[in-house]
Amino acid sequence: MNIYLIGFMGVGKSTVAKMLSDKLDFELIDTDIEIEKRENRSINEIFSQNGEEYFREKEKELIEELSKKDNMIISCGGGIIKSDVNIANMKKSGSVVLLEASPEIIYNRVKDDNNRPLLVSNPGIEGIKKLMKEREESYNKAFTHKVDASKTPVQVVNDIITATLTLGDEFGNIN
Ligand code: S3P
């Protein structure tokens, strides 16, 4: 079984994924980092040189490949849920955990970040709300578990472990 972390940009997927993989001793993959490695260029460069559609194809190939593996923590780019094929591949191979936070929290976390092509135009809280709304249905279709990501990363990790693992106390919570 894999654990996929999904949710809007800036919700804390990468931080939580790293902590989860340390805790559970599962291999960690961040889809953005993996695509950047394979393409040998940044997400910004991929978007500006080949367009979003190309990037989405790369995401799709990667999710398909990862869905055949086991015991991985997969931190997914925020737009992974735009593809129904991705949703199906994730659901058939693990738990899909949606991290949720308010547009205000997200805005504060991403406002100084230049690595996200969809936010370079500085959409502000209103822009973030709009994109969240557009994606709401897809996120809701994709998740098998939902956690409140306005909590601290440690709390979020513990909530994910409690929600997804039914293996008794083998893993336990972290302090
Ligand atoms: C995107 C989210 C980004 C990255 C790309 C597009 C999106 O990942 O995949 O910039 O469409 O929401 P993070 O959610 O890790 O920022």
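An account of the accompanying structure is given in this report. Within each chain, residues carry numbers counting from 1 in the order of the written sequence. The predicted origin of the model limits local features to residues at a pLDDT of at least 70 and limits the giving and counting of side-chain atom pairs to 80 or more, whereas totals for whole chains, interfaces and linings rest on all residues. Hydrogens and waters are ignored; side-chain quantities use all the structure's heavy atoms.

1. Here we look at the nonpolar core
Generally speaking, nonpolar side chains in soluble globular proteins are found buried as a group.
Okay, so step 1: Nonpolar cores were defined as sets of buried Ala, Val, Leu, Ile, Met, Phe, Trp, Tyr and Cys residues, with membership established by side-chain atoms within 4.5 Å. Relative accessibility under 20% of the residue-type maximum defines a buried residue, over 50% an exposed one, and the middle range a partly exposed one, all with a 1.4 Å probe and only protein chains included. Among the nonpolar cores identified, the biggest contains 49 residues, and Leu-5, Ile-6, Leu-20, Met-90, Leu-99 and Ile-160 are the most heavily contacted of them.
Okay, so step 2: Helix and strand definitions here come from DSSP, where helices need a minimum of 4 consecutive H or I residues and strands a minimum of 2 consecutive E residues; each element is numbered from the N-terminal end. With five residues, the top contributor of residues to this core is helix H7 (residues 124-142).
Okay, so step 3: It only takes one pair of heavy atoms within 4.5 Å for two residues to be counted as in contact. With residues near it in sequence (within four places) discarded, Ile-6 still touches Lys-13, Cys-76, Ile-80, Ile-81, Met-90, Val-96, Val-97, Leu-98, Leu-99, Tyr-139, Ala-142 and Phe-143.

2. Describing helix H4 (residues 52-66)
Okay, so step 1: An expected span of 1.5 Å times one less than the residue number is assigned to each helix. For H4, spanning 15 residues, the distance from its first C-alpha to its last is 21 Å, which sits close to the expected 21 Å at 1.5 Å a residue.
Okay, so step 2: Of the positions making up H4, those classed as buried are Phe-55, Arg-56, Glu-59, Leu-62, Ile-63 and Leu-66. Looking down the long axis of H4, one finds its buried residues gathered within 125 degrees of arc, a one-sided arrangement. The directions from the helix axis to the C-beta atoms form the arc being described.

3. What about the site of the ligand?
Okay, so step 1: Throughout this document, a residue counts as near a molecule or strand when at least one of its heavy atoms sits within 4 Å of that molecule or strand. Of all residues adjacent to the ligand, which total 13 residues, the nearest are Lys-13, Asp-32, Arg-56, Arg-116 and Arg-135.
Okay, so step 2: Within the side chain of Lys-13, one N or O atom sits 2.5 Å away from an oxygen atom of the ligand.
Okay, so step 3: Working definition of accessibility: Shrake-Rupley area with a 1.4 Å probe, residue cover restricted to the visible protein chains. The protein chains hide 96% of the 390 Å² of surface that the ligand would expose on its own.
Okay, so step 4: Any residue outside Ala, Val, Leu, Ile, Met, Phe, Trp, Tyr, Cys, Pro, Asp, Glu, Lys and Arg is labelled polar, Gly included; the first ten of those are nonpolar and the last four are charged. Grouping the amino acids of the shell around the ligand by side-chain chemistry returns five nonpolar, three polar and five charged. Within 3.5 Å is the distance limit for a polar contact, defined as a pair of N or O atoms, with the added protein rule that one can donate a hydrogen and the other accept it, and that residues adjacent in sequence qualify only through two side-chain atoms.

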